[in-house]
Amino acid sequence: MKKYLNLIAAATLCVTLAPSVYAHRKVSPQEAMASAYMEPKTASPIYRFPTRTPSSGLLDFNRALQSMSMTPVKAPLKAPEDINLLGYVPSASGSYYGYIQSVPYRAGSNFSPVSTSVVYNTWGGVEVNGTYYTVYQMAISPTAAYTYLCAYNTTTWMSSKLTPLSDYALFATALAKDPTTDEVYGCFLGAERDKYEFGVADFENATRTTISEIDPTKPWAGCAIDNDGKLFAIDVSGDLYTVDKSTGAMTLVGSTGMTTKYLAGMCYDAKGDRILRAVCNDDNAGLYQVSPVTAECQLLADFPNKDQVMGLFIGAPLADDAAPEAPADVRADFPEGSLTGKVSFTV
């Protein structure tokens, strides 16, 4: 049975400055317009979410995110065919911040922290020319919040800019950078939180233009752009489309058969000519590859701790394509404690 994103919002969380007070709140695109909250200059309402008692069917927004994401792990040796897949993972101890992690995309790999500095984020995230942009909502009371566009240097992961936002125009359920132009396309909330719009964001200047409206019953759960500039979008029902960037016209490729209940990232892996998509549901989470031609979906890595991964992107290469494989079968032969000997290995 298909599941759907039922709560993604600009109000991913309602917190105070104490990181341990509230658990991370997962949200989904369908109810973004109803549950978004922000504060541009003076306090505006925060729309609270329902909580689940053990016997109810409502989502428990106070459930702490169970994650091993901050546990140091030894990553496997990197080979030339590897990709440097990165994403934002909310902290298990707080609801409004997290860290950039190396994201597992095959068996034998695991989450590994990349940023040592905290990244503030309640919506997705996108990398543009060495800067990672997020939209962050800071609750100042149970009913009001301030909203900022945050910028982080992807080398140091230190904050480089903080811009107050005056409307909802940069709140997005899905974002993707076009590698041919460096423009950022996405599925955005209307400036007054009354609709979903396909548009282009200029994060450097905190502005956005609208190209077309998006079906309010099918906001995008993710989008990605290949190296030729072709835009793909997956809606909340799991259907894959190609999108005309000039008009917003959508052409169905097929059903992926996989949905994500909560906000999760998506990007294009040019090396593997595939779409990489994270999903996060109450009973499962993981990373999938999606064929851009057939929409066929295949699990690459399971996230047993139900990690929520947002703002996926592929960072700088871990190794040159011409680099040799990591050595194997390494042996050292120094007989009787000799200072001379032989070291052998295969590559």
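Just above, that's the structure.
This write-up is about the structure you can find in this document. Note that the structure is a prediction, hence the values are computed from the model and not measured. (Residues numbered from 1 in each chain as written. Predicted model: local features only at pLDDT ≥ 70, side-chain atom pairs only at ≥ 80, totals over all residues. Heavy atoms only, no water.)

## Re the nonpolar core
Argument step 1. Counting residues in each nonpolar core, the largest one holds 32 residues, and the members touching the most others are Phe203, Trp220 and Leu231.
Argument step 2. For this core, the secondary structure elements donating two or more residues are β5 (123-128), β6 (131-141), β7 (144-153), β9 (172-177), β10 (184-189), β11 (196-202), β13 (220-225) and β14 (231-235).
Argument step 3. With 5 residues, β10 is the largest single contributor of residues to this core.
Argument step 4. Once residues within four sequence positions are removed from consideration, Phe203 is found in contact with Val126, Tyr133, Leu149, Leu170, Leu175 and Val184. (Core = buried A, V, L, I, M, F, W, Y, C linked by side-chain atoms within 4.5 Å. Buried < 20%, exposed > 50% of the residue type's maximum accessible area, 1.4 Å probe, protein only. Helix = DSSP H or I, 4+ residues; strand = E, 2+ residues; numbered from the N terminus. Contact = heavy atoms within 4.5 Å.)

## Some points on the environment of Ala176
Argument step 1. Residue placement: Ala176 occurs in strand β9.
Argument step 2. Classification of Ala176 as buried rests on a relative accessible area of 7%.
Argument step 3. Leaving out residues up to four positions away in the same chain, Ala176 has contacts with Glu183, Val184, Tyr185, Cys223, Ala224 and Ile225.

## Focus on a nonpolar patch on the surface
Argument step 1. A grouping of Val330, Phe334, Val343 and Phe345 is seen on the molecular surface, where their side chains present a nonpolar patch of about 390 Å² in accessible area.
Argument step 2. Tracing the sequence through the fold places Val330 in strand β22 (residues 328-333). (Patch = residues over 30% accessible without salt bridge, like charges linked within 9 Å, V, L, I, M, F, W, Y side chains within 5 Å. Areas by Shrake-Rupley, 256 points an atom, 1.4 Å probe, with all protein chains shown as cover. Salt bridge = Lys/Arg side-chain N within 4 Å of Asp/Glu carboxyl O.)

## Description of the sheet that holds β14
Argument step 1. The 4 strands are arranged β13-β14-β15-β16 in an open sheet whose pairing can be described as antiparallel. Both outer strands of the open sheet, β13 and β16 (250-255), are each paired with one neighbouring strand and no more. Geometrically, the sheet is characterised by an average inter-axis angle of 25° between neighbouring strands, direction not taken into account.
Argument step 2. Alignment of strand β15 (residues 239-243) against β16, held across 5 bridges, turns out to be antiparallel. From the neighbouring strand, Val243 faces β16, where its bridge partner is Met250. (Pairing = 2+ DSSP bridges. Axes fitted to C-alpha atoms, helices over the stretch in contact; angles between N-to-C directions.)

## Observations concerning the sheet that holds β6
Argument step 1. Pairing is antiparallel in the open sheet, where 4 strands are placed in the order β5-β6-β7-β8. What marks the edges here is a single partner per strand, and that holds for β5 and β8 (159-164). Across the sheet, the axes of successive neighbouring strands diverge by a mean angle of 30°, strand direction being ignored.
Argument step 2. Here β5 pairs with β6 via 4 bridges, running antiparallel. Residue pairing in the sheet places Val126 in a bridge with Tyr133 of β6.

## Things to note about the pairing of strand β1 (residues 85-90)
Argument step 1. Of all 6 residues making up β1, 6 are buried, and the element is well covered by its neighbours.
Argument step 2. Of the two faces of β1, the one holding Leu85, Gly87 and Val89 and the one holding Leu86, Tyr88 and Pro90 are both buried throughout.
Argument step 3. Looking at chain direction, β1 and strand β21 (residues 310-314) are connected through 3 bridges and run antiparallel. Looking at the pairing, Leu85 lines up with Ile314 of β21.
Argument step 4. Where β1 lies against strand β2 (residues 97-102), 5 bridges are found, and the strand directions are antiparallel. Bridge pairing links Leu86 to Ser102 in β2.

## Notes on the packing of aromatic side chains
Working definition: an aromatic ring pair is given by the centre-to-centre distance plus the angle between the planes.
Argument step 1. In this structure the tally under the stated criterion is 14 aromatic pairs.
Argument step 2. One aromatic cluster is present, formed by Tyr97, Tyr99, Tyr120, Tyr136 and Tyr148 through successive ring pairs. (Phe/Tyr/Trp six-rings, centres within 6.5 Å; stacked < 30°, edge-to-face > 60°.)

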